[in-house]
Amino acid sequence: MKNRRIHRTEESASIHLAGHDVAYTLKRSSARRTLALGLRDGGRVVVNAPFRLPRGHIDGFLRQHADWLLQRLLRQPEPMIWRDGMVLPLLGRELRLVHRGLAGPMPSQLSLFDQDVGQDAESPVLEGDRLICPGGRGSLEARVMLWYRQQAGIWLDQRLEHLCREQGIAQPAWRLSNARTRWGSLSPAGVVSLNWRLIKASPEEIDYVICHELAHFRQRNHSAAFWAEVARLCPGHESARRRLKEHGPHYFEF
Ligand SMILES: [Zn+2]
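The written sequence of each chain sets the order in which its residues are numbered from 1. Reporting in this predicted model follows two pLDDT cut-offs: at least 70 for local features of residues, and 80 or more for side-chain atom pairs to be given and counted; totals over whole chains, interfaces and linings ignore these cut-offs and use all residues.

With respect to the helices, strands and loops of the structure, Val45 is situated in strand 4 (residues 45-50). Buried residues are those with 20 or more other C-beta atoms within 10 Å of their own C-beta, exposed residues have 12 or fewer, and partly exposed residues lie in between; C-beta atoms are placed from the backbone. Taking the number of C-beta atoms within 10 Å as the measure of exposure, Val45 has 20 and is therefore buried. As for Val45 and Val22, which are separated by 23 residues in sequence, their C-alpha atoms are 8.2 Å apart. Residues contacting Val45, with those up to four places away along its chain left out, are Val22, Ala23, Tyr24, Leu39 and Leu69. Here a helix means four or more residues in a row that DSSP labels H or I, a strand means two or more in a row labelled E, and each is numbered from the N terminus. Contact between two residues is assigned whenever their backbone-derived C-beta positions fall within 7 Å.

Right, let's get into the pairing of strand 6 (residues 93-100). Pairing between two strands requires that DSSP report at least two bridges joining them. Examined bridge by bridge, strand 5 (residues 87-90) and strand 6 share four bridges and lie antiparallel to one another. Within the sheet, the bridge partner assigned to Leu90 lies in strand 6 and is Arg93. Where strand 5 hands over to strand 6, the hairpin turn is made up of two residues, of which Leu91 adopts a positive phi near 50 degrees. Here five bridges tie strand 6 to strand 8 (residues 130-134), and the two strands are oriented parallel to one another. Counterpart to Leu97 in the pairing with strand 8 is Leu131.

On to the environment of Glu161. Counting through the fold element by element, Glu161 comes out in helix 3 (residues 140-167). Residue Glu161 is classed as exposed on the basis of its C-beta count, with 12 C-beta atoms lying within 10 Å. Each C-alpha atom of the pair Glu161 and Gln171 lies 6.0 Å from the other, and the pair is ten residues apart in sequence.

In spatial order, the strands read 1-2-4-3; together these four strands make up an open sheet with mixed pairing. Either end of the sheet is taken by a strand with one partner, and the two such strands are strand 1 (8-17) and strand 3 (36-39). Between one strand and the next, the sheet's axes are offset by a mean angle of 25 degrees, whatever the strand orientation. The pairing of strand 1 with strand 2 (residues 20-29) spans ten bridges and is antiparallel. Among the inter-strand pairings, Ile15 is bridged to a residue of strand 2, identified as Val22. Geometry is summarised by axes, namely lines fitted to C-alpha atoms with helices restricted to the contacting stretch, and by angles between N-to-C directions that run from 0 to 180 degrees.

Here it is in structure tokens:
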């Protein structure tokens, strides 16, 4: 029995359960004898199954566990409470939000990039690993979100420009996106969309997403040739991609 190859496949599937379309990832392995149902962070449903188990068995198994699954999938996430002391992700680091009334002294540094992006008296200001947020508490969330988008706009533009220059390619038009599930995309007209929430990820994760979209200029698919292009543009993309998958749900919390 030595050297027997283990066969594995992975596919996207979906099933209709009690009025809901539930998408799941079906992972088959010849080393597996039983069915297992799991829910990953961010609500991704994964079914592990023996290699040749008929689809009908798998669907039956999912129907059997429909209550358990739907209960967890439909649970609303805890609402975020915007307050002094909360921890926010930025460029793979952690910032602490410091909420201050307007009267307090404000530090002089304007932003991450020493670039004035139209701050007013109530704009957050980065000081080391603290994000100082002056002003009323009611609009704290809106002000922090605006600040994040501004930082994302500057950082992503700089990285896109840098990576294109490095490859000797013309910088494509791009826009900031607010998509709920995807990090980036390339439109048929050649406009790159990048999610503003990427600014929460590490620089390596951000570069990977930009290179992923740049690779789509040559390969408008996810073929082996596409991934070879990604590897060429972004050495080390595997670990960045893995980290983004792992941390992604956290970056999507706001
Ligand atoms: Zn893609």
